Amino acid sequence: MDPATTSEPLQNDCEPESSSVWSRWPSWRPTSMSLLKTVESKILACIQNDLWARFVTLPNQDRIWTLTLTNKMVRKPAEQAPKTPLVMVHGFGGGVGLWIRNLDALSRSRPVYAFDLLGFGRSSRPPFPSDAAKAEEQFISSIEQWRQSVGLENMILLGHSLGGYLATSYAIQYPSRVSHLVLVDPWGFPERPKPQPQPQDTEGQGPEPVKRSIPRWVKAVAGVVSLFNPLAVIRAAGPWGPGLVNRFRPDFKRKFEDLFDDDTMTQYIYHCNAQTPSGEVGFRAMSESLGWAKTPMLHRVHLLPPAMPVTMVYGAQSWVDSSSGDSMVQIRGQAHTRVVLINGASHHVYADQPEEFNRVVENICKTVD
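Let us look at the structure shown here. Not measured: the values here are computed from a predicted model. (Residues numbered from 1 in each chain as written. Predicted model: local features only at pLDDT ≥ 70, side-chain atom pairs only at ≥ 80, totals over all residues. Heavy atoms only, no water.)

### Some words on the overall build of the chain
Right, on to step 1. What the chain contains, in helices and strands, is 14 helices and ten strands.
Right, on to step 2. Here the chain, with 369 residues, has 54% of them falling under the buried criterion.
Right, on to step 3. For the chain, the proportion of contacts with a sequence separation of at least 24, taken over those separated by at least 6, is 75%.
Right, on to step 4. Of the roughly 16,900 Å² that the chain leaves accessible, carbon and sulfur atoms contribute 53%. (Helix = DSSP H or I, 4+ residues; strand = E, 2+ residues; numbered from the N terminus. Buried < 20%, exposed > 50% of the residue type's maximum accessible area, 1.4 Å probe, protein only. Contact = heavy atoms within 4.5 Å. Areas by Shrake-Rupley, 256 points an atom, 1.4 Å probe, with all protein chains shown as cover.)

### A few points about the nonpolar core
Right, on to step 1. Ranked by size, the top nonpolar core spans 46 residues in total, and within it W146, L157, L166, L181 and L304 carry the most contacts.
Right, on to step 2. Those elements that place two or more of their residues in this core are β3 (86-89), β4 (112-115), α4 (132-150), β5 (155-160), α5 (162-173), β6 (178-184), α11 (279-286) and β9 (310-315).
Right, on to step 3. If we ignore the near neighbours within four places in the chain, the residues touching W146 are V56, L58, I64, T66, V87, Y113, F115 and L152.
Right, on to step 4. Counting residues in each nonpolar core, the second largest holds 45 residues, with M33, L44, L51 and A345 among its members. (Core = buried A, V, L, I, M, F, W, Y, C linked by side-chain atoms within 4.5 Å.)

### Observations regarding the sheet that holds strand β1 (residues 50-57)
Right, on to step 1. Pairing is mixed across the open sheet formed by eight strands, whose spatial order is β1-β2-β4-β3-β5-β6-β9-β10. Looking at which strands have only one partner, the edges of the open sheet turn out to be β1 and β10 (337-342). Across the sheet, the axes of successive neighbouring strands diverge by a mean angle of 20°, strand direction being ignored.
Right, on to step 2. By the bridge criterion, four bridges tie strand β2 (residues 63-70) to β4 in an arrangement that is antiparallel. Following the sheet pairing, T68 is matched in β4 by Y113.
Right, on to step 3. Those strands touched by α4 are β1, β2, β3, β4 and β5, and its axis lies near 120° from that of β1.
Right, on to step 4. Where helix α12 (residues 323-332) meets the sheet, it contacts β6, β9 and β10, and its direction lies at approximately 165° from that of β9. (Pairing = 2+ DSSP bridges. Axes fitted to C-alpha atoms, helices over the stretch in contact; angles between N-to-C directions.)

### Points about the pairing of β5
Right, on to step 1. A large share of β5 lies buried, amounting to six of its six residues.
Right, on to step 2. Taking every second residue as pointing to the same face, both faces of β5 are buried, with M155, L157 and G159 on one and I156, L158 and H160 on the other.
Right, on to step 3. Pairing geometry for β3 and β5, over four bridges, is parallel. In the strand pairing of β5, V87 is matched with L157.
Right, on to step 4. Regarding the hand of the β-α-β motif, the stretch spanning β5, α5 and β6 is right-handed. (Right-handed = clockwise from strand over helix to strand, strands pointing away.)

### As for the pairing of β2
On any regular strand, side chains alternate: one points to one face of the sheet, the next to the other face.
Right, on to step 1. Here β2 lies mainly inside the structure; seven of its eight residues are buried.
Right, on to step 2. Direction of pairing for β1 relative to β2: antiparallel, over a ladder of eight bridges. In the sheet register, R54 faces β2, and the bridge partner there is T66.
Right, on to step 3. Count of turn residues in the β1/β2 antiparallel hairpin: five residues, of which Q61 carries a positive phi of about 80°.

### Some words on the packing of helix α2 (residues 33-44) against helix α10 (residues 264-273)
Right, on to step 1. Orientation of α2 relative to α10, taken along the N-to-C sense of each, is 145°, at an axis distance of 9 Å. Here α2 and α10 pass one another in a crossing that is left-handed. Between α2, through L35, L36, V39, E40, K42 and I43, and α10, the contact on the second element is made entirely by T264, M265, Q267, Y268, H271 and C272.
Right, on to step 2. For the contact of α2 with α10, the per-class residue count stands at seven nonpolar, three polar and two charged. (Left-handed = near helix turned anticlockwise from the far one by under 90°. Nonpolar A, V, L, I, M, F, W, Y, C, P; charged D, E, K, R; others polar.)

### A closer look at the side chain of T264
Right, on to step 1. Looking at the secondary structure, you find T264 in helix α10.
Right, on to step 2. Take T264: its relative accessible area is 4%, and that puts it in the buried class.
Right, on to step 3. Reaching out from T264, the side chain makes a polar contact with the side chain of D262 at a distance of 2.5 Å.
Right, on to step 4. Once residues within four sequence positions are removed from consideration, T264 is found in contact with V39, K42 and I43. (Polar contact = N/O pair within 3.5 Å; in protein donor to acceptor, adjacent residues only side chain to side chain.)

### Let's talk about the packing of aromatic side chains
Right, on to step 1. Under the counting rule described, the total for this entry stands at twelve aromatic pairs.
Right, on to step 2. Their ring planes at 40° and their centres at 4.6 Å tell us that F128 and F139 sit as a pair that is tilted. In this pair, F128 is assigned in the loop between β4 and α4 and F139 in helix α4, connecting sequence segments eleven residues apart.
Right, on to step 3. Pairing W187 with F283 gives two aromatic rings, centres 4.9 Å apart and planes at 50°, and the pair type is tilted. Of this pair, W187 sits in the loop between β6 and α6 (216-225) while F283 is found in helix α11, placing the two residues 96 residues apart along the sequence.
Right, on to step 4. An aromatic cluster is present here, built from F92, F120, F128, F139, Y165, W187 and F283 joined pairwise through their rings.
Right, on to step 5. Just above the ring of W65 sits the side chain of R122; from NZ or CZ to the centre is 3.9 Å. (Phe/Tyr/Trp six-rings, centres within 6.5 Å; stacked < 30°, edge-to-face > 60°. Lys NZ or Arg CZ within 6 Å of the ring centre and 35° of its normal.)

### Some details on the environment of P82
Right, on to step 1. Positionally, P82 belongs in the loop between β2 and β3.
Right, on to step 2. According to the relative accessible area criterion, P82 is exposed, its value standing at 71%.
Right, on to step 3. Between the alpha carbons of P82 and D369 there is a distance of 9.1 Å; along the sequence they are 287 residues apart.

### Quick look at the packing of α4 against α5
Helix-helix packing is characterised by the crossing angle of the two axes and by the distance between the axes.
Right, on to step 1. Put simply, α4 and α5 touch, their axes get as near as 10 Å, and they point 70° apart. The angle between α4 and α5 falls in the class roughly perpendicular. Crossing geometry of α4 relative to α5 is assigned as right-handed. Within the contact between the two elements, α4 uses E136, E137, F139, I140, I143, E144 and R147 and α5 uses Y165, L166, S169, Y170 and Q173. (Parallel < 35°, antiparallel > 145°, perpendicular 65-115°, else oblique.)

The structure is reproduced here in structure tokens:
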């Protein structure tokens, strides 16, 4: 890892939530940026390829925590054109550490960049406006400034969940920079359905169709999202916060259990989200409720260049409805839009079925160069 990662100044270990009653007890939450750095370092130690981890400073002095991976075993001839880099954007409440099952495999043939979105993970946590359009623009502006600072001309842009929503918005605004748009179980595409009246008599109509149930952790967060920032419950739980993450997200431990036999991944999720809320404030501004965007992306995808290739990758068992992918095909046409379902995967497709996910993404990348 680059020396810069050990010499960067640490942010305030227990910076309180603004206007929070807990600000009088800074030790109430057992978290700090230092602890997040420590647990993330344990995760990144699994990487075999060349890794450069550093903060990229934007013109406004916000810092974006960034990983760059290259294959140390491959030395290409000088005359060979470099491959288009893959840029990976995580979802709500995530960070670069969640890509640990994918980074080595996907960087075998081309550079891979992963960064913590502004307001998440180890990146800067500035204030976000309460207006949906302005909050979205703050995210998109930070991504473009990051691209300029890193010096990328073109990229294969991959986004998961919230990252998929933002990647699409970015591609609409800066289409010349995106060689292929890859959306993994993207959030915020469909319009919120209007409530349907319940039939008075269902006798003789046959059984109701089986629907994928929304996980209880989603319902739990949805219960507070209209009143508080979405992850306020983790911070309000104080010293019980880590146990709360373990209780509501035991799947994260299972997804990575062959890499870590302890609570490394749930600790990572906890420390990513127990810090001062920032990106989640922006997310709340963009949300009607946890599952729906105030500005559904399906209303805007016609603004993507018709020739821009788009691939939507869904987990076949995800609570995110893949019908948005079918709608995308109808809106854009089949020539440059494709939908892929990965069996045995839920919302976190990249961690549930990493080998198949990596194969799908690698094949997408090969279509670019």
